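# Fold and contact review
Chain by chain, the residues:
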Amino acid sequence: MKIFAIADMHLDGGAGKPMDIFGPHWANHRERIFGSWQRRVEEDDVVLIPGDICWAMYFEDALSELKAIAALPGKKVMIRGNHDYWWASPTKMRSRLPDSIFIIQNDSLDLGGFTVCGSRGWLLPSDSDFKQDDKKIYERELIRLELSLRSVKRADVPKVCLIHYPPVSSKGDGSGFSELMDKYGVTLCLYGHLHGRSCAQGFNGVINGTEYRLCSADSLGFEPMQIALPQAGIVPESIPVNASAEGTD
C-alpha cells in the first residue's frame, strides 16, 4: 500500500468556475490531476484529500464529481474544505457515496497500519484577517477536531490528521489545532487552502513530533503527493519531487 495526498482540487461541480482565471498554471488542472492519479495510484493505495473538492453548492450537484473521483484507483478519504458548500450530513452522504470514498466528520477511520482523523479547521487567531466573528467558528472547529482525535480506538498505530486550513503559522507558531495534535500524538498533519504565491507561506516541517505538510493541488504541480509514513512501515523507494507553485492567489 502507498499513501498519496492532494487538497484543493476545486473541480467544477457544475458551478461554471474555471480555475485558470487564477493563473495559467491552473489550465486543464482536472485532466492533469486525474492523469497523474491514474498513472501512479493503484487499487490498494490510499489518497487523502484535505478539502475543497469541488465548487458545487448542493450534494446532488457534487455527486457527479464524487463519482468521477470514486472511479479513480485507491481508497479516498476526505474532509470538508471552506468551499465545499455541498457537504451534507454524514448520514446522508454515506448513504449515497460510492464505496471507495470515506468521509471524516467528528470521527476517524482505521486503515490498518494507521488511522485518519481531521476537521476543516479555520483561520488562526494570529492571522491579521482574524475577526471577532471568526472566534466562534474557530472554537467550534477545535471541538470537532478533538472529537475526531478522541474517537481513535487503537493507540498502537500512527495518527494522520487532515485539516483544510493551515494549523500553524508560516514560521511554525502554534495554535489550538497544533496543541490538540500534540496532546493526542499526531504523527503527520496534511493541510491545504494556500494557493499561488501563498504556498510559500505554508509550513513544512516537524513540530513537537508532528510533521506538517502542505498539499494544495497547485503547490504539488497538480500531482498527488506520495507520503512516507515510516511509523506504519510505509517507506516508498522513491518519492517524486513535485513542481513548485507559481502564479497568483
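Residues numbered from 1 in each chain as written. Predicted model: local features only at pLDDT ≥ 70, side-chain atom pairs only at ≥ 80, totals over all residues. Heavy atoms only, no water.

## Describing the confidence of the model for the protein chain
Summing up the model confidence of the protein chain, the mean pLDDT is 93 and the portion of residues at 70 or higher is 95%. Below pLDDT 50 for its whole length, residues 240-249 participates in 29 contacts with residues either more than four positions away or in separate chains. (pLDDT = per-residue confidence, 0-100. Contact = heavy atoms within 4.5 Å.)

## With respect to the pairing of strand E3 (residues 75-78)
Sheet analysis places strand E2 (residues 46-49) next to E3, joined by four bridges and oriented parallel. Directly across from Ile49, in E3, lies its bridge partner Met78. Where E3 and strand E4 (residues 101-103) come together, three bridges link them in parallel fashion. Residue pairing across strands places Lys76 opposite Ile101, the latter belonging to E4. (Pairing = 2+ DSSP bridges. Helix = DSSP H or I, 4+ residues; strand = E, 2+ residues; numbered from the N terminus.)

## So, the packing of helix H4 (residues 132-150) against helix H5 (residues 176-183)
Any two packed helices are characterised by the angle at which their axes cross and by the distance between the axes. Orientation of H4 relative to H5, taken along the N-to-C sense of each, is 15 degrees, at an axis distance of 10 Å. With respect to H5, the element H4 is oriented roughly parallel. In this structure, H4 crosses over H5, and the sense of that crossing is right-handed. Where H4 approaches H5, its residues Tyr138, Glu141, Leu142, Leu145, Glu146 and Leu149 are matched on the opposing element by Gly176, Phe177, Leu180, Met181 and Lys183. Residues of the contact of H4 with H5, tallied by class, amount to seven nonpolar, one polar and three charged. (Axes fitted to C-alpha atoms, helices over the stretch in contact; angles between N-to-C directions. Parallel < 35°, antiparallel > 145°, perpendicular 65-115°, else oblique. Left-handed = near helix turned anticlockwise from the far one by under 90°. Nonpolar A, V, L, I, M, F, W, Y, C, P; charged D, E, K, R; others polar.)

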